[in-house]
Amino acid sequence: MPETVLQVDDLKTYFFTEAGVVRAVDGVSFSLTKGKPLGLVGESGSGKTVTALSVLGVVPRPGKIVSGKILFEGENLLEKTENEMRGFRGKRIGYVSQDPNSSLDPLFTVGNQLSEVVTTHEKMSKEAAREKVVDLLRLVRIAEPETRMRAYPHELSGGMRQRIAIARALASEPDLLIADEPTTNLDVTIQAQVLELLRALQRELDMSLILITHDMGIIAEMAEEVVVLYAGRVAEVARTAEIFAAPRHPYTAALLQAVPRVDRKRPLVPIGGNIPNLITPPSGCRFHPRCAYMIDRCVSEIPPLEAIGGGREVSCHRWKELELRGSS
Amino acid sequence: MNSKETQYTRRSAGQWAVAWRRFKKNKAGLAGLAIVASFAVLAIYGLLLDPVPARSFGCLYQGCTNLPPFVDSAHPLGTENSGIDVWNEIIHGSAGDLYVGIGATLISVVIGLLVGAAAGYRSGVSGAVLLGLTQIFFVLPVLVIILLFAKIFLFLVAQGLALSLIVLTLGIFGWPLFAFIARGEILRIRELEFVQAAKSLGASGSRTLFRHIVPNLLSPIIVLSSLAVAANIITEVVISFLGFGDPTTSTWGLIIQEGFDHIDSSWWVAFFPGIAVVICVLGFNLLGDGLSDALNPRLRE
Amino acid sequence: MGSLLNYIIRRILFAIPVFLAVSIITFLVTNAAGDPVQIVRLGIRNLNPAQLKAIQDYFHVNEPLYTRYFLWLADLLRGNLGQSLYSGSVAGKVVPWIGSTLELQIPAVLLALAIGIPIGIYSAKRQYSKSDIAVTTTAIFGISMPTFWLGINAILIFSLYLRWLPSFGAISPYPPWWWGNIYTDQLAHIIMPLSVLTFVSLAAIVRLIRSSMLETLRQDFVLAARASGISDFKVTYKHALKNAVTPVVTVVGLTFGTLLGGAPALETTFGWPGLGYEFVLSATILDLPVVLGITMIISAMVLAANIVTDLVYALMDPRVRL
């Protein structure tokens, strides 16, 4: 029986802004098997990042976790105090954020910032911390770690900075690593290197990995299982191979149509319309204004997230009748 | 989110309406607007109706000099040593000080926009020169130079023009910040995708300027103008207080100076006009802050 | 650290054209309007021969305008600030005034920073709370007030009504001393002007720190640091604080310029024998050598303050040392 490392249950995280309540995450549920890579995919504004920040308990103001459960190795993180949470953040759950250009403090050296994290999680001498930092830099394949330690972030390349952010997330060998669009702001060649590094580290350290992305191509390469988010809700959950072969949700199908492929000729179909306003989200199924298969019921009734066998789940009234095209 | 998206929202008529709606919710900003409007009304009342002429010594002959406040309803805020009515001076002073504050700011804005636009369109050498110039003006002890300027030139102009000379001086020394902001905005906006796109579609230079650049430039300039009016009023008050201003036109600084000379016998002469200064400057500062919140929503949550 | 030295040298080199520009503006203001002797006559009707000679020597009136400027500048750089039209050499008179101006300005800036930084951070951390609103309201009143008018009110209350503190000068001209001896006497004199100046600069600094801190707390690296388990306290007081204060350092340098610019009004109000008060007195009687001397000294001080703050900035932010 595979062990579940993280289980998110009906999570709701809202932002209480002047303009109204933004329901950024509105009832998201999924679970993650120990030692496996999971992809969290969706357009920007679908609630991917907010879900990750909720797991870490660092939702910025004016956001608030309203209800739900986040079970990490059986413990509900939402019942933890701020002090107890610090035993999870960075220690048992690592986080790599989107933009390596802004995720490191520009005024301190890389070594200073890494050893700060190392000593936060484990009491050790300065010398030991320095050695640990050197090891970490080696782990993320940085050459000449002793020299690099003394560099300031602006003296390094974007790819190098992202490696350092990864090293920071790995500082105390976490059980789970959350990487939030780790390659979005990097050059294409560097993207491949960073992804390769993440994949290798995940296997080497036997970590669970949540990879957040909007890119189905990255999902295909990196993830074994996929959770598709749309406008703060789960649209579909499935194993990667299955979702590419036979998507069950019209939104997933639309995402796949929007991915360019070199190996075959077919028209790219962009998804029409925009991600909905989450202060007054569409009634019923949130995807209905953009959905080609919309019926009256989609407007009036919220589709439940149904288990449809084989570990797959989908939230669509018409999943049985639709014949959706995959990408293979 | 894409960082360009967050830093930049294209302004259109709709966006001004949104900004106004946001501004209406901001109590401090509205208070600022109300204060500014009240002083404008006061100034117009003094200029047009002129019930008691400015700096009128009428009281001197009726024996009501040095009258404390709140005792005589004809002189609600008292009178000064030579019989000048304090409330009447506050009314006439608001015309004088608004003239200096707003007039000088307008001059600064016009010069600043012209210089900034020139430098923004020809980046390179002129940009560096402008940058150097603004730095000089930052370092210059502007107030000291203005005092020197006012002292020397006031001797040389007709007395009725003295206040206008101060407007001109403050305006001339106040433009560099506007130029700096204008140049920065123009450089930034020119590089944005939709402007580049409009250009590649064959939009003319002047069309780009008026459709895209001017509307985007307006919001920082408006905010900065409101704050500049506040600063200019304070500077005028200082100039008059030190006796470097126009002794024939009513300004708040002038009556404060007269009050300070007799501070031990009649405190109200310096006190109440000062309150007027604080409220008026506060009004422009609140207005500026409110406009800044309304026009740059990304700074708010 | 070679790049830092490089930066210092460049910064000082940049100050030279700025200083020249200031000197040109100052010189033109007093000369472009006409013959300086005529200007002085507007203030002093009956110039005696010694005064006439002093002013002619100072401006080298027999030369053409640009030669006059260079001769004046050369005198200035040699430390020859000319003769006051009333008494003695300007250079000799000015030195004690510099001291007493700095005696007021430097403690005011330091106090305002020491009090303003914690208040600004506190306010930003509790944005929109009651205490934050109290702080921001006080601060916006503070920046809306002419410094000298606050001084007048302080004099009204503490000198004229309560009679606790002296209202004029830096020291009593003769005994009895305030509070016993000559040192407490000086203390009694400085309390009011220093508090007034501190309050007004404090208001500006609190506003700067608060908004800079709000901006910083929204940055990715703050979130990333929190997400890697670093305590909120350390994130705030190590990372966010340094990032929020760094840009403010430059602004403080600029504020120092405004403060010195405000010196004439403040020093006049309290009769404080500094550069500002003497400037006003000398300008009123058109003692031009003194007025020009003070203007150039204040400019040089503002420039020096800017260089110092830029250096502090460079030490704090590695990105500017390029």
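Calculation rules
Residues numbered from 1 in each chain as written. Chains lettered and ligands numbered in written order. Predicted model: local features only at pLDDT ≥ 70, side-chain atom pairs only at ≥ 80, totals over all residues. Heavy atoms only, no water. Core = buried A, V, L, I, M, F, W, Y, C linked by side-chain atoms within 4.5 Å. Buried < 20%, exposed > 50% of the residue type's maximum accessible area, 1.4 Å probe, protein only. Helix = DSSP H or I, 4+ residues; strand = E, 2+ residues; numbered from the N terminus. Domains from an automatic or database assignment. Contact = heavy atoms within 4.5 Å. Buried area = accessible area lost by both parts, 1.4 Å probe. Salt bridge = Lys/Arg side-chain N within 4 Å of Asp/Glu carboxyl O. Axes fitted to C-alpha atoms, helices over the stretch in contact; angles between N-to-C directions. Parallel < 35°, antiparallel > 145°, perpendicular 65-115°, else oblique. Nonpolar A, V, L, I, M, F, W, Y, C, P; charged D, E, K, R; others polar. Polar contact = N/O pair within 3.5 Å; in protein donor to acceptor, adjacent residues only side chain to side chain. 1 Å grid on protein atoms, 1.4 Å probe; cavity = no way out; pocket = protein on both sides within 12 Å on 5 of 7 lines; lining within 4 Å. Points joined across faces, edges and corners; volume = space filled by probe spheres on them. Left-handed = near helix turned anticlockwise from the far one by under 90°.

1. Re the nonpolar core
Next, step 1: Judged by nonpolar contacts, the single largest core of 157 residues is most densely connected at Ile233 and Ile256 of chain B together with Phe148 and Phe279 of chain C.
Next, step 2: The element that contributes the greatest number of residues to this core is helix H12 (residues 288-316) of chain C, accounting for 15 residues.
Next, step 3: Split by domain, the residues of this core number at least three in each of domain 1 (2-77) and domain 2 (98-321) of chain C.
Next, step 4: When residues no more than four places from it in sequence are discounted, the contact partners of phenylalanine 148 of chain C are Val237, Val238, Phe241 and Ile256 of chain B together with Ala265, Leu266 and Thr269 of chain C.
Next, step 5: Among the nonpolar cores identified, the runner-up in size contains 42 residues, and Leu114, Met207 and Met222 of chain A together with Ile230 of chain C belong to it.

2. Regarding the interface of chain C and chain B
Next, step 1: The partner chain B presents 44 residues to the 50 residues of chain C that form the contact.
Next, step 2: Where chain C abuts chain B, roughly 4,200 Å² becomes buried across the two surfaces, and 81% of that area is made up of carbon and sulfur atoms.
Next, step 3: Here chain C and chain B share one salt bridge between them.
Next, step 4: For aspartate 289 of chain B, the salt bridge is made with arginine 207 of chain C, and the minimal N-O distance between the two is 3.1 Å.

3. Here we look at the packing of helix H3 (residues 110-121) of chain A against helix H10 (residues 232-270) of chain C
The axes of two packed helices give the description: the angle between them and the distance between them.
Next, step 1: The interhelical angle for the contact between H3 of chain A and H10 of chain C, taken along N-to-C directions, is 170°, at an axis separation of 14 Å. Taken together, the axis directions place H3 of chain A and H10 of chain C in an arrangement best described as roughly antiparallel. On H10 of chain C, the residues touching Asn112, Gln113 and Glu116 of chain A of H3 of chain A are Lys234, Lys238 and His239 of chain C.
Next, step 2: Classifying every residue of the contact of H3 of chain A with H10 of chain C by side-chain character gives no nonpolar, three polar and three charged.

4. Some points on the interface of chain A and chain C
Next, step 1: Listed by partner, the interface residues are 28 residues for chain A and 25 residues for chain C.
Next, step 2: At the boundary of chain A with chain C, the tally comes to three salt bridges.
Next, step 3: A salt bridge links glutamate 116 of chain A to lysine 238 of chain C; the nearest nitrogen and oxygen atoms lie 3.4 Å apart.
Next, step 4: The tally of links between chain A and chain C comes to ten residue pairs in polar contact (both at pLDDT 80 or more).
Next, step 5: When residues of the side of chain A that touches chain C are traced back to their parent elements, those giving at least two are helix H1 (48-56), strand S6 (93-96) and H3 of chain A.
Next, step 6: The residue inventory of the side of chain A that touches chain C, partitioned by class, reads eleven nonpolar, nine polar and eight charged.

5. With respect to the pattern of salt bridges
Residue and element names in this part refer to chain A.
Next, step 1: What the rule picks out here adds up to 28 salt bridges over all chains.
Next, step 2: A salt bridge links glutamate 75 to lysine 80; the shortest N-O distance between them is 2.9 Å.
Next, step 3: Lysine 80 gets classed as partly exposed once you look at its relative accessible area, which sits at 25%.
Next, step 4: What emerges from the salt-bridge pattern is a single network uniting Lys34, Glu73, Glu75, Lys80, Arg92 and Asp175.

6. Details of empty space enclosed by the protein
The probe, sized like a water molecule, is rolled over the atoms to show the empty space still left.
All names here are of chain A.
Next, step 1: For the coordinates displayed, the defined rule picks out three cavities of 30 Å³ or more.
Next, step 2: Roughly 80 Å³ of internal volume is contained in the largest cavity.
Next, step 3: Forming the walls of the largest cavity are 13 residues, and the residues nearest its centre are Pro250, Cys285, Cys291, Cys298 and Cys316.
Next, step 4: Along the lines of polarity and charge, the residues of the lining of the largest cavity split into nine nonpolar, three polar and one charged.
Next, step 5: Along its surface, the second largest cavity is lined by Phe30, Leu40, Thr51, Ala52, Val55, Ile178, Ile210 and Ile212.
Next, step 6: Secondary-structure elements contributing two or more residues to the lining of the second largest cavity are H1 and strand S8 (208-213).
Next, step 7: Ranked by residues supplied to the lining of the second largest cavity, first place goes to H1 with three residues.
Next, step 8: Considered class by class, the residues forming the lining of the second largest cavity number seven nonpolar, one polar and no charged.

7. What about the packing of helix H7 (residues 142-154) of chain B against helix H11 (residues 275-284) of chain C?
Next, step 1: One can describe the packing of H7 of chain B onto H11 of chain C by two numbers: an axis separation of 11 Å at closest approach and a directional angle of 15°. Judged by the angle between their axes, H7 of chain B and H11 of chain C are roughly parallel. Pair H7 of chain B / H11 of chain C crosses with right-handed handedness. Facing H7 of chain B, whose interface residues are Val144, Leu147, Leu148 and Lys151 of chain B, H11 of chain C presents Phe279, Ala283 and Thr284 of chain C.
Next, step 2: Partitioning the contact of H7 of chain B with H11 of chain C into residue classes produces five nonpolar, one polar and one charged.

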